[in-house]
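# Report on the structure
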Amino acid sequence: MLKHKIILVAALIALLWLPVGVIHNLVLERAELNQQVQQQIADSSSGPQLLSGPLLVVELETTQVQSTDKTSLHSQYLLQQADELQLSSEVQTEQRSRGLYRARVYQSQHQIKARFAAVSAELLANTAAGQVGPPRIKAAWISFAVNDSRGFTRLPQLKLNGELQPFGSGSKLSFMSEGIHLPLQLSQLEQAMNLELSVELQGSSSLSVLPVARSSRWQLRSNWPDPAFQGRYLPQQREISPSGFSASWQSSELSNPASLELSRCFGQPSCKALTEQAFSVSLIEAVDPYQQTERAIKYAILVIVLSFAWFYLAELLSHSGIQLHPMHYLLVGLTLVMFYLLLLSLSELIGFLAAYWLASLACALLLYSYLAAVLQSMQRSMAVSAVYLLLQGLLYLILQAETFALLSGTLLLFATLAVLMLSTRRLNWQQVWQSQSTPDDAI
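Residues numbered from 1 in each chain as written. Predicted model: local features only at pLDDT ≥ 70, side-chain atom pairs only at ≥ 80, totals over all residues. Heavy atoms only, no water.

## Brief notes about unusual backbone geometry
Residue Lys172 is not a glycine yet carries a positive backbone phi of 65°. Secondary-structure assignment places Lys172 in the loop between strand S8 (168-169) and strand S9 (179-183). (Helix = DSSP H or I, 4+ residues; strand = E, 2+ residues; numbered from the N terminus.)

Printed below as a string of structure tokens:
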């Protein structure tokens, strides 16, 4: 019976959703394994890097009154940001593989220039307000912090007022302890200081800069073609091409509250409020095979329903009176499902674009060779296979158009419904029903 076939085909579509779900879980599992391998590569080299601009720290010793005849000494810290910070960075990115999985690592060169004003006696007095007597400067240093000191591929070069200076390891900042620091003589605080720092740093996935100066500017160039600018501050200028990108950020203490967060963060083991003010860029993979395959699987039910509709239409319009068995529909459906397994396995080797079309062509050829015998017509078999390839091509365009994916999918459904209605507008469904409702029906 015709109505029985429609019910059976609908049941087959529901049944085919089970292997689609299994493949979807496999995609998620492989994607998670890929993330684990990327984390392992980062753990064995260096992770995402966050650079904090140079910061002047002055340790003061102040006297506090505990009682009428007793006083105590306490340490207090004065944080002075640079008046101006200029940072120029060059980033060379490469892919490192472990088995089928890849991670993005980079080598970066940074040229940093910072200018500090002299530490005034008035500033020291204001810092020690409420204390007994004037404060005594106990120590002073300039801190430069990074997120992962394993990324130092070479020793940095640090110049103060044009003279090369020795430095110590560790930034001596509680919220970002890794990095370097430059001890200062007390006499150096009485004059303005120009700092020049040359750093080579290795990292992975992303690069960020904390603009802790009153006026900060960061210029970045890289050979990676797919940057994702993140954070609260997007670059003011950027150029992206297949050969790489360039970008520049600029902010002042009026627009960026990083300087206000410094005093709150000093002494704390971490400071999320400060790191949120960073300029940041991630080196993403624009065509992630697992993400794209997962998106393609979401359209699997659409592909199966539309393909079955064209298959059923080819059966109805067949002049030879062939009536197809549900097993024919099941085998065609399994071919459609096999596409996603081929897509996943091939994309890990040759990339998503090549894998998508290779898997589509393989499934189209299999459908053509099978339907040519089942429908006993090479023309109808070729038409069904061509429609399948056209459908896969349209779905690929939908996958690329993330912003208009819903609109594109809706238009595709509308167009398919329109073609089906126009193709069968002269079909006598009552006659078809009667012709296929014979006692010896194959169904």
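Next comes the rest of the write-up.
## So, helix H9 (residues 378-400)
For H9, with 23 residues, the first-to-last C-alpha span of 33 Å sits near the 33 Å given by 1.5 Å per residue. Within H9, the full set of buried residues consists of Ser381, Val384, Ser385, Tyr388, Leu391, Gln392, Gly393, Leu395, Tyr396, Ile398 and Leu399. (Expected span 1.5 Å × (residues − 1). Buried < 20%, exposed > 50% of the residue type's maximum accessible area, 1.4 Å probe, protein only.)

## Topic: the side chain of Gln81
Note that Gln81 resides in strand S2 (residues 70-81). A polar contact of 2.8 Å, which involves the side chain of Gln81, links it to the backbone oxygen of Val212. (Polar contact = N/O pair within 3.5 Å; in protein donor to acceptor, adjacent residues only side chain to side chain.)

## Quick word on the packing of aromatic side chains
By the definition in use, this model includes twelve aromatic pairs. Seen in terms of ring centroids, Tyr356 and Tyr396 are 5.2 Å apart; in terms of plane orientation they differ by 50°. Their pairing is tilted. On the criterion of sequence distance, the pair formed by Tyr356 in helix H8 (residues 352-374) and Tyr396 in helix H9 is long-range, its members being 40 residues apart. Tyr356 gets classed as buried once you look at its relative accessible area, which sits at 1%. The rings of Trp218, Phe229, Tyr233, Phe245, Trp249 and Phe279 are connected pair by pair, giving a single aromatic cluster. (Phe/Tyr/Trp six-rings, centres within 6.5 Å; stacked < 30°, edge-to-face > 60°.)

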